[in-house]
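Descriptive analysis of the structure
What follows is each chain in one-letter form.
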Amino acid sequence: MIHTLTKIDDAVLKEIEAEKQVRKTNELFLLFPLGSQFDHLILQKVEKLGVYCLVADPARITAADVQKLNPKGIILSGGPASVYEEKVHFDTAILDLGIPTFGICLGFQLWAQHVGAEVKGAKKREFGVHTFKTHIESPLFTAIPELSAVLESHGDIVSAHEKLTILGSTENTPIAAAMHKHLFGVQFHPEVSDSLFGEKLFENFIFEFARAQDRYPAQSMAEKKVHQLAEEIKNKNVLLALSGGSDSSVVAYLLKKAQELVDTKLFAVYIKGIDRPDDEKCVLQFFGDKPWLSVKIIDATDAFVTALAGKVTMKDKRIAMRGIYKNILEEEAKRCEAHFIAQGTLYTDVSESGGGYDTGTRKAQIKIHHNVDLGFSVPELAPLIDCVKDNARNIGREVGVPEELVTRHPFPGPGLVVRIEGEITKEKLRIARDADNIYIEELYRAGLYQSIWQAGAVVTQSVTTCTKGDEAVSGAVIALWAVWSVNGFTAQCAELPYDFLKKVSKRMTNEIREVGAVVYRLSDKPPTTIEWG
Ligand code: XMP
């Protein structure tokens with residue numbers, strides 16, 4: 001779990017004062033996460049502006065606590081609750097303290113309801129990128145054009161009320177931004193990169209609305225992480241789960257840097273069986289013969305296929321996959337006498353698994369990630385747990401991870417399991433691998449690989465009637481997807497050239513005996529997630 005303020009006592013106040021001295025500021029902001037998938041992105045945006053911001057547990061920090069902290073401003077995140085159906089665990093007396101407050105989505109609905117406005121289910125729900133139009137001039141919209149792209153993900157809306165000054169709207173949301181005295185709120189998500197002027201909106205809230213004065217220069221996250229790791233792993237053995245994706249590779253390099261400071265033995269394991277066709281090659285190429293790391297490849301195909309037999313829902317398959325993954329890591333940890341197991345887990349994984357900041361508010365579980373809460377018998381090292389993909393990549397660059405590895409498409413934790421519908425068999429794994437091979441090879445050939453954030457080929461359960469060599473046969477339908485994204489929290493369907501897609505389809509239907517047709521997925525995240533399963 002990530003550090004969260006759960007109580008305010010003398011010791012906590014002393015710690016905060018000491019941190020203020022370091023940052024040469026008297027100003028503090030508080031973020032109350034109300035269960036949003038994007039809560040951590042808010043913190044990142046605010047920290048990037050050089051502002052000291054602490055995460056406060058909405059279920060435990062009261063108005064009296066907030067008064068003791070005397071923050072310059074408060075931010076309330078979104079969340080999965082509907083205020084008219086479910087009590088949000090948050091002391092609404094905080095809203096009466098006169099402290100400048102920025103409510104995002106649910107956070108906006110919460111204060112709007114508190115001042116008397118009705119919040120209700122929208123006739124037309126809004127997911128994805130929409131156009132936001134500002135209605136009146138306001139310091140909150142300084143340097144933001146009248147029309148701008150924003151990401152929305154909501155089913156509820158705030159109704160008009162005499163106390164609300166309406167600041168802007170989107171097509172289906174007449175009140176997409178409003179204020180009342182010290183309370184400001186938006187229905188969209190300025191914290192995600194799809195909201196083009198989101199960062200500016202935070203800046204305007206902090207420096208124009210809340211009138212903050214101080215900015216603290218950005219620090220090197222990589223350096224901090226290396227020193228923390230060095231302290232932890234001194235004279236200890238570490239086993240790292242390497243996947244061939246960029247996150248675990250970044251962790252490998254962070255450990256390498258820490259090893260330059262202290263005595264430690266580093267081991268890594270690559271688990272083979274449900275992996276993409278080129279992952280093992282990548283691990284061997286970049287880590288196979290390094291004096292600082294001893295890498296072992298374990299072929300667990302049979303164990304995976306046996307555990308996955310008879311499992312058809314994605315949830316059951318994810319749970320079965322996790323079990324094998326955990327057992328192998330445990331066995332290897334014993335063999336290497338490891339004191340720690342290290343993984344490249346990101347905040348995104350934790351957040352989608354329903355975790356993150358330790359608060360009393362409800363957070364939806366989107367999917368169970370293979371690498372979260374495994375409960376190993378030795379402590380876990382997850383130095384990227386407070387990062388999302390773009391920070392993890394930047395940290396990687398700082399510690400010398402080769403660019404080819406940094407920009408490799410993310411490894412899907414449960415591997416091809418989430419790219420195969422229905423029961424997993426060795427035959428379906430082979431089809432998924434062959435399809436991936438063609439797709440990725442063609443992306444490279446067309447010079448498209450680097451411009452795409454991630455791409456996948458899914459073996460669906462749909463079949464199509466087709467004719468191969470004058471025989472009528474049933475062929476599997478392969479669904480291709482490719483996305484543009486910044487950090488994986490949101491993503492847009494990549495507009496791949498039609499000629500390219502035709503070529504991939506032709507190769508797949510010709511070269512893979514079982515494939516009958518190829519389709520392309522057009523949906524964005526939200527609402528669709530990036531991986532199929
Ligand atoms: P989703 O599909 O949740 O994925 O939008 C976001 C990114 O995380 C990668 N990834 C995983 N996805 N289960 C997943 O569904 C996992 O355990 C996992 N680990 C990593 C995924 O490939 C995408 O880039």
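For the structure, check the block above.
Reading guide: rules and limits
Residues numbered from 1 in each chain as written. Predicted model: local features only at pLDDT ≥ 70, side-chain atom pairs only at ≥ 80, totals over all residues. Heavy atoms only, no water. Near = heavy atom within 4 Å. Polar contact = N/O pair within 3.5 Å; in protein donor to acceptor, adjacent residues only side chain to side chain. Areas by Shrake-Rupley, 256 points an atom, 1.4 Å probe, with all protein chains shown as cover. 1 Å grid on protein atoms, 1.4 Å probe; cavity = no way out; pocket = protein on both sides within 12 Å on 5 of 7 lines; lining within 4 Å. Sits in = over half its atoms within 2 Å of the grid points. Nonpolar A, V, L, I, M, F, W, Y, C, P; charged D, E, K, R; others polar. Core = buried A, V, L, I, M, F, W, Y, C linked by side-chain atoms within 4.5 Å. Buried < 20%, exposed > 50% of the residue type's maximum accessible area, 1.4 Å probe, protein only. Helix = DSSP H or I, 4+ residues; strand = E, 2+ residues; numbered from the N terminus. Domains from an automatic or database assignment. Contact = heavy atoms within 4.5 Å. Points joined across faces, edges and corners; volume = space filled by probe spheres on them. Phe/Tyr/Trp six-rings, centres within 6.5 Å; stacked < 30°, edge-to-face > 60°. Pairing = 2+ DSSP bridges. Axes fitted to C-alpha atoms, helices over the stretch in contact; angles between N-to-C directions.

1. Describing the site of the ligand
- Residues in contact with the ligand amount to 17 residues; listed here are only the nearest, R318, E352, Q454, K525 and E531.
- Take R318: an N or O atom from its side chain is 2.5 Å from an oxygen atom of the ligand.
- Notes on the ligand: free accessible area 480 Å², of which the protein chains cover 95%.
- At a threshold of 2 Å from the grid points, most atoms of the ligand map onto the largest cavity.
- Of the residues assigned to the shell around the ligand, the class counts are six nonpolar, six polar and five charged.

2. Some words on the nonpolar core
- Grouped together as the largest cluster of nonpolar side chains are 55 residues, with contacts concentrated most on Y439, L443, I478, L480, L496 and M508.
- It is helix α14 (residues 426-445) that contributes the most residues to this core, eight residues altogether.
- A domain split of this core shows at least three residues from each of domain 2 (218-406) and domain 3 (425-520).
- What M508 contacts, discounting residues up to four positions off in sequence, is A435, I438, Y439, A457, I478, L480, V515 and V518.

3. Concerning empty space enclosed by the protein
- Inspection of the entire model under this criterion finds four cavities of 30 Å³ or more.
- Empty space within the largest cavity amounts to approximately 710 Å³.
- Listing elements by their share of the lining of the largest cavity, those giving two or more residues are α7 (246-259), β11 (264-272), α10 (314-335) and α11 (347-352).
- Class assignment for the residues of the lining of the largest cavity results in 17 nonpolar, 17 polar and eight charged.
- Both of domain 2 (218-406) and domain 3 (425-520) provide at least three residues apiece to the lining of the largest cavity.
- For the lining of the second largest cavity, the element with the highest residue contribution is strand β6 (residues 147-158), accounting for three residues.

4. Here we look at the packing of aromatic side chains
- What the rule picks out here adds up to 17 aromatic pairs.
- Relative to F205, the ring of F29 has its centre 6.4 Å away and its plane inclined at 75°; by these criteria the two rings are edge-to-face. Note that F29 is positioned in strand β1 (residues 29-32) and F205 in helix α5 (residues 198-209), a separation of 176 residues in sequence. Accessibility classification places F29 together with F205 in one group, the buried group.
- Geometrically, the ring pair formed by F132 and F188 is tilted, given 4.9 Å between the ring centres and 55° between the ring planes. Of the two residues, F132 is situated in strand β5 (residues 119-134) and F188 in the loop between β9 (183-186) and α5; the sequence distance between them amounts to 56 residues. Taken individually, F132 and F188 each receive the classification buried, so the pair is uniform in this respect.
- Among the aromatic residues, those joined into a cluster by ring pairs are F29, F102, F132, F141, F184, F188, F202, F205 and F209.

5. Some thoughts on the sheet that holds strand β8 (residues 173-180)
- With mixed pairing, nine strands are arranged side by side in an open sheet as β2-β1-β3-β4-β9-β8-β7-β5-β6. Sheet topology places β2 (53-55) and β6 at the edges, where each strand pairs with a single neighbour. Pairs of neighbouring strands in the sheet enclose a mean axial angle of 25°, with direction left out of account.
- Relative to strand β4 (residues 101-104), strand β3 (residues 73-76) runs parallel, the two sharing three bridges. Its bridge partner being in β4, I75 is matched across the sheet by F102.
- Lying over the sheet, helix α4 (residues 106-114) contacts β3, β4, β5, β6, β8 and β9, oriented at roughly 120° with respect to β4.

6. Digging into the environment of I478
- Here I478 lies in strand β16 (residues 471-485).
- Residue I478 is classed as buried on the basis of its relative accessible area of 0%.
- Between the C-alpha atoms of I478 and A446, which are 32 residues apart in sequence, the distance is 20 Å.
- Residue contacts for I478: discarding those within four places in its chain leaves I431, A435, A457, V458, V459, M508, V515, A517, V518 and V519.

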